[in-house]
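Chain by chain, the residues run as shown.
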Amino acid sequence: MPESTPPLPVTWRPRVTTIMAYGMAAVMVIGSVLLAVGLPEQFKLPDRLGMVAFGLAVACVLHLLGRLRVRADEQGVTVVNPLRVHRFEWAEVLDVTMVEGDPWPKLDLANGLSLGAMGIQSTERERSRRAVAQLTALIREHGEAPDRL
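Fair warning: this is a prediction, and the values are worked out from it, not measured in the lab. (Residues numbered from 1 in each chain as written. Predicted model: local features only at pLDDT ≥ 70, side-chain atom pairs only at ≥ 80, totals over all residues. Heavy atoms only, no water.)

The UniProt entry lists residues 67-133 under the feature "domain: Low molecular weight protein antigen 6 PH" (unreviewed entry), expressed in the numbering used here. As annotated, residues 67-133 comprises 13% helix and 39% strand, and the C-alpha atoms at either end are separated by 22 Å. (UniProt positions renumbered as here; feature names shortened; annotations may be inferred. Helix = DSSP H or I, 4+ residues; strand = E, 2+ residues; numbered from the N terminus.)

The subject of this paragraph is the pairing of strand S4 (residues 85-89). On S4, burial follows the alternation: His86 and Phe88 on one face are buried, whereas Val85, Arg87 and Glu89 on the facing-out side are not. The loop that links strand S3 (residues 76-80) with its antiparallel partner S4 comprises four residues. (Buried < 20%, exposed > 50% of the residue type's maximum accessible area, 1.4 Å probe, protein only. Pairing = 2+ DSSP bridges.)

Our next topic: the pattern of salt bridges. Tallied over the entire structure, the rule returns five salt bridges. Its salt-bridge partner being Asp73, residue Arg87 comes within 2.9 Å of it at the nearest N-O pair. Of the two residues, Arg87 sits in strand S4 while Asp73 sits in the loop between strand S2 (69-72) and S3, which places them 14 residues apart along the sequence. Under the relative-accessibility criterion, Asp73 is labelled buried at 14%. For Arg127, the salt bridge identified is with Glu124, shortest N-O distance 2.9 Å. According to the relative accessible area criterion, Arg127 is partly exposed, its value standing at 29%. (Salt bridge = Lys/Arg side-chain N within 4 Å of Asp/Glu carboxyl O.)

Spelled out as structure tokens, the structure:
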């Protein structure tokens, strides 16, 4: 049964990945601060600051994983992956596919390239299927050349 198009704007983001990333980031920051405070006297201020800086650096890397999302609005699709944010107008996105075994769906683009949309994780089985179906419906509705029967 075809998925109905959700009202725009809509954002898809992985639940488990976000919770784990930010949860572990909090553990790293709190743990590094507690460790820095509890270090023996032979460790001086630079050692303690280095310990906290390490915890903050790991938290920053975890933030890159926690910010994953795919957002659709009236103008197009925004894909936020760990290192880059990609913005596409509806006419630039031809299709979205997620084959069994893929970790996340791929957007097929008008320029011949494809881009992984890490904000939809296949590990969240039903949520990812629903998100791909909704995104597909939005592409069909807002794309430049809708499918004709």
